[in-house]
Amino acid sequence: MNNDFKMTATTLFGLEGVLAEELKNLGAQDVKEGIRSVTFRGDTGFMYKANIALRTAVRVLKPIKTCKIYDEEDLYEAIQKIKWENYLETEGTFAIGAVVNSKNFTSNSHYISLKSKDAIADYFRHKYSKRPNVDLDYPDLKIHIHIHKEWLTVSLDSSGDSLHKRGYRTATNIAPINEVLAAGMVLLSGYRGDENFIDPMCGSGTILIEAAMIANNIPANINRKLFAFENWKDYDEDLYFTIQDSLLKKIRSSHFKIMGFDKAPSAVQKAQANVESANLDEFIDVHHVNFFNSKKEVFGNTTILFNPPYGERLNIDTEEFYKKIGDTLKHNYPGSTAWLITSDTDALKAVGLRTSKRIALKNGDLNCKFVKYELYEGTRKFKEPKEETDADSNSED
């Protein structure tokens, strides 16, 4: 008997293709990319696996009802038709999140959440004369309402807290990069642990940690304390640990260097603390080094990937700063591939190197470019760049 069902994994803008590839590699069926989401099919065990292993998913949703609705009363009636006792006890707790993209609904998402909450509470009150309570912080069941045009999808959120909360970050700097975005950038770069890796402005170490987990095939969320599905009525603990053990057996050891630099001693300390929290200190070295005074000291191909300061984060002369980035890469890091993300596209022109790839991403609310530079051995690295335009972009934190 086929026990597969449809699921949706949400993600950040620009990472849909990476997430789809992750799902295919894990064994998902019928994988289809959407906008900030990927749909797929799998069984309960695969749902557990997706939550533990996916690097670029924000959450994994299990739809339990899809239908057409045209107003708030339709919404109320549709939710009342779900047999909620299959998912929630009268003594249990729940929380609802909503996303609305429909001309039929002028109400905001908060009102849609309240209307949905009323429908569930009334369902239990009418049928059992008592109702579960709302708990926004630690609900037994987290419900996701999505309205797109005239289509309603009611889903159970199997993840709970966003999957970017890996459980390893104990210390942060100003504007730390989202773990999902960090993993997505590493995967977009093509790095898989078969060469050296450097983050020359590592901050609190998030990119380094995500790179090391990729290099060693360590499940992204192995340090998480809890997934929402562990509170579900049909949670199968034996199956969960079987899935977890099978993923742990696939961990490998990469023997290439993974290094982080930062000129701020406080950042180095925070990065080292996070690396230790992730149990990755045997794979990652963090050094108190100013990138502009550094040079390549490892042999062989090297991926350099970093999130330099934007004008929004630090009061710096961005043009001069990005020119120094370009000069340092060009003169001190031959035989490397460098990637950086920035929202300051004007500053990119000051780097003075030709990009071989430009990918549009979002870092929070900021529209960014994730760009690639090939740093050749010998004279090729001194070629003058041609003028870049957005026409050179091949896709869109």
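Structure first, text after, so check above.
So, how was this worked out
- Residues numbered from 1 in each chain as written.
- Predicted model: local features only at pLDDT ≥ 70, side-chain atom pairs only at ≥ 80, totals over all residues.
- Heavy atoms only, no water.
- Core = buried A, V, L, I, M, F, W, Y, C linked by side-chain atoms within 4.5 Å.
- Buried < 20%, exposed > 50% of the residue type's maximum accessible area, 1.4 Å probe, protein only.
- Helix = DSSP H or I, 4+ residues; strand = E, 2+ residues; numbered from the N terminus.
- Contact = heavy atoms within 4.5 Å.
- Phe/Tyr/Trp six-rings, centres within 6.5 Å; stacked < 30°, edge-to-face > 60°.

Draft legend 1. Just the nonpolar core, in detail. Membership of the largest hydrophobic core comes to 53 residues, with the highest contact counts inside it found for Leu23, Phe40, Trp84, Ile143, Ile145 and Leu152. Looking at this core, the element that brings in the most residues is helix α2 (residues 44-53), giving 6 residues. If near-sequence neighbours (up to four positions away) are discounted, Leu152 is found in contact with Lys65, Thr66, Cys67, Ile69, Leu75, Ala78, Ile145, His146 and Ile147. If you look at the next biggest cluster of nonpolar residues, it comprises 40 residues, including Tyr168, Ala211, Val286 and Leu361.

Draft legend 2. Spotlight on the packing of aromatic side chains. Scanning all chains against the criterion turns up 20 aromatic pairs. Residues Phe291 and Phe292 carry aromatic rings whose centres are separated by 5.8 Å and whose planes lie at 50° to one another, so their mutual orientation is tilted. Both residues of the pair, Phe291 and Phe292, belong to the buried class. Ring geometry for Phe291 against Tyr333: centres 5.7 Å apart, planes inclined by 35°, an arrangement best described as tilted. Linking Phe291 in the loop between β11 (284-288) and β12 (302-306) with Tyr333 in the loop between α9 (318-332) and β13 (336-342), this pair joins segments that are 42 residues apart in sequence. Taken as a pair, Phe291 and Tyr333 share a single burial class, namely buried. Grouping aromatic residues by their ring pairs yields a cluster made of Tyr48, Phe227, Phe229, Tyr235, Tyr240 and Phe241.

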